[in-house]
Amino acid sequence: MEWAVVIPVKGSIGKSRLDAGDARAALAVAFARDVISAARDAGSIGRVVVVTCDPAVTEGIEGIEVVDDPSAGLRAAIATGLAELEPQEPAAVILGDLPALTAEVLDAALLLAEHEERSYVPDAVATGTTLLAARRAEALRPRFGPGSAALHRRAGHAPLPIAPDSGLRIDVDELADLHLAMELGVGEHTRAVLAAASLSS
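As a starting point, this report considers the structure included with it. None of the values given here were measured: they were computed from a predicted structure.

Reading the values: the criteria
- Residues numbered from 1 in each chain as written.
- Predicted model: local features only at pLDDT ≥ 70, side-chain atom pairs only at ≥ 80, totals over all residues.
- Heavy atoms only, no water.
- Core = buried A, V, L, I, M, F, W, Y, C linked by side-chain atoms within 4.5 Å.
- Buried < 20%, exposed > 50% of the residue type's maximum accessible area, 1.4 Å probe, protein only.
- Helix = DSSP H or I, 4+ residues; strand = E, 2+ residues; numbered from the N terminus.
- Contact = heavy atoms within 4.5 Å.
- Arc of directions from axis to C-beta.
- 1 Å grid on protein atoms, 1.4 Å probe; cavity = no way out; pocket = protein on both sides within 12 Å on 5 of 7 lines; lining within 4 Å.
- Points joined across faces, edges and corners; volume = space filled by probe spheres on them.
- Nonpolar A, V, L, I, M, F, W, Y, C, P; charged D, E, K, R; others polar.
- Salt bridge = Lys/Arg side-chain N within 4 Å of Asp/Glu carboxyl O.
- Pairing = 2+ DSSP bridges.

By size, the foremost hydrophobic cluster in this structure holds 32 residues, and its most contacted members are Ile7, Ile45, Val48, Ile94 and Leu106. At the level of secondary structure, the elements contributing two or more residues to this core comprise strand S1 (3–8), helix H1 (24–41), strand S2 (45–51), strand S4 (91–94), helix H4 (103–113) and strand S6 (129–134). If you tally residues by element for this core, the top one is H1, at 6 residues. Those residues in contact with Leu106, other than ones at most four positions away along the chain, are Ala38, Ala39, Ile45, Ile94, Leu101, Leu131 and Leu168. Membership of the second largest hydrophobic core comes to 20 residues, among which are Leu95, Tyr120, Ala134 and Ala149.

Rendered as structure tokens:
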């Protein structure tokens with residue numbers, strides 16, 4: 001099964017809770033670039049649609065589609081990306097703050113998602129959502145926001161059995177989250193920013 005994925009990204013204005021000083025904006029962009037790169041390199045993904053207004057997010061990354069963010073919040077950005085897809089194609093929404101995500105982990109999760117009409121991956125504390133999937137794009141029921149894991153489950157999305165320490169579950173909002181991701185191993189874009197900011201240890 002070949003998937004299309006939508007990745008909504010605020011870019012440098014995101015991650016307001018991340019206490020990383022002058023590196024915060026660059027880290028927000030780097031997280032997204034690592035997620036986009038993982039999605040592009042995943043063998044199970046045929047289309048990567050990035051919704052953003054920040055050109056730094058996608059600069060130099062080939063093999064993706066870029067759509068302007070309507071700047072009306074996360075749900076509107078996701079709806080804009082999903083509108084680019086065919087209703088019948090397998091589709092997923094992936095958030096752009098997963099710096100430890102790899103193509104291999106993403107492929108494994110989407111393989112599991114093939115067996116569910118609708119599915120989701122909760123974040124590490126099991127209250128938020130990092131990935132939402134459906135075998136048909138038109139079947140997706142996005143409910144991102146506070147308590148989204150429970151909302152997605154109630155909307156008919158089945159939780160996928162992904163380990164809590166997987167790079168697909170470690171979303172970074174605060175510095176403690178970043179340290180967890182660093183222990184697991186972050187992508188090249190995040191590593192470069194951390195090294196420049198002397199935050200790599």
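Moving on, we come to H4. Burial in H4 covers these residues: Ala103, Leu106, Ala109, Leu110 and Ala113. The buried residues of H4 all sit within an arc of 125° when viewed along its axis, so they share a single face. Every exposed residue of H4 that faces more than 90 degrees away from the buried side is listed here: Glu104 and Leu111. Among the structural elements, S1, H1, S2, S4, strand S5 (118–122) and S6 are those in contact with the buried residues of H4.

Our focus in this paragraph is the layout of surface pockets. Within this model, the second largest pocket holds a volume of roughly 160 Å³. As for the second largest pocket, its lining consists of 14 residues, and the residues nearest its centre are Asp34, Ala38, Leu101, Gly187 and Glu188. Counting residues per element, the ones that place at least two in the lining of the second largest pocket are H1 and helix H7 (188–196). Counting residues per element, the lining of the second largest pocket draws most heavily on H1, at 4 residues. Here the lining of the second largest pocket is composed, by residue class, of 6 nonpolar, 5 polar and 3 charged.

The next thing to look at is the pattern of salt bridges. Considering all chains together, one arrives at 5 salt bridges under this definition. Where Glu65 meets Arg47, a salt bridge forms, and the shortest distance between an N and an O atom there is 2.8 Å. Taken together, the residues span a long stretch of sequence, with Glu65 in strand S3 (residues 65–67) and Arg47 in strand S2 at a distance of 18 residues. We note a salt bridge from Arg47 to Glu89, for which the minimum N-O separation is 2.9 Å. Taken together, the positions of Arg47 in strand S2 and Glu89 in the loop between helix H3 (74–82) and S4 put the pair 42 residues apart, joining distant regions of the chain. By relative accessible area, which is 21% here, Arg47 ends up partly exposed. Taking the relative accessible area as the measure of exposure, Glu89 reaches 16% and is therefore buried.

With that out of the way, let us pick up the pairing of S1. Of all 6 residues in S1, 6 are buried; the element is thus mostly enclosed. Relative to S2, S1 runs parallel, the two being bridged by 6 bridges. By the bridge assignment, Ile7 is partnered in S2 with Val50. Pairing between S1 and S4: 3 bridges, direction parallel. In the sheet register, Val6 faces S4, and the bridge partner there is Val93.

Turning our attention to helix H6 (residues 175–184). Looking at H6, one finds that the buried residues are Leu178, Ala181 and Met182. Along the axis of H6, the buried positions cluster into a sector of 100°, meaning they face one direction only. Looking at H6, the residues exposed on the side facing more than 90 degrees away from the buried face are Ala176 and Glu183. Against H1 and H7 lie the buried residues of H6. Trailing H6 by a residue or two, Gly185 shows a phi angle of about 115°, which is positive.

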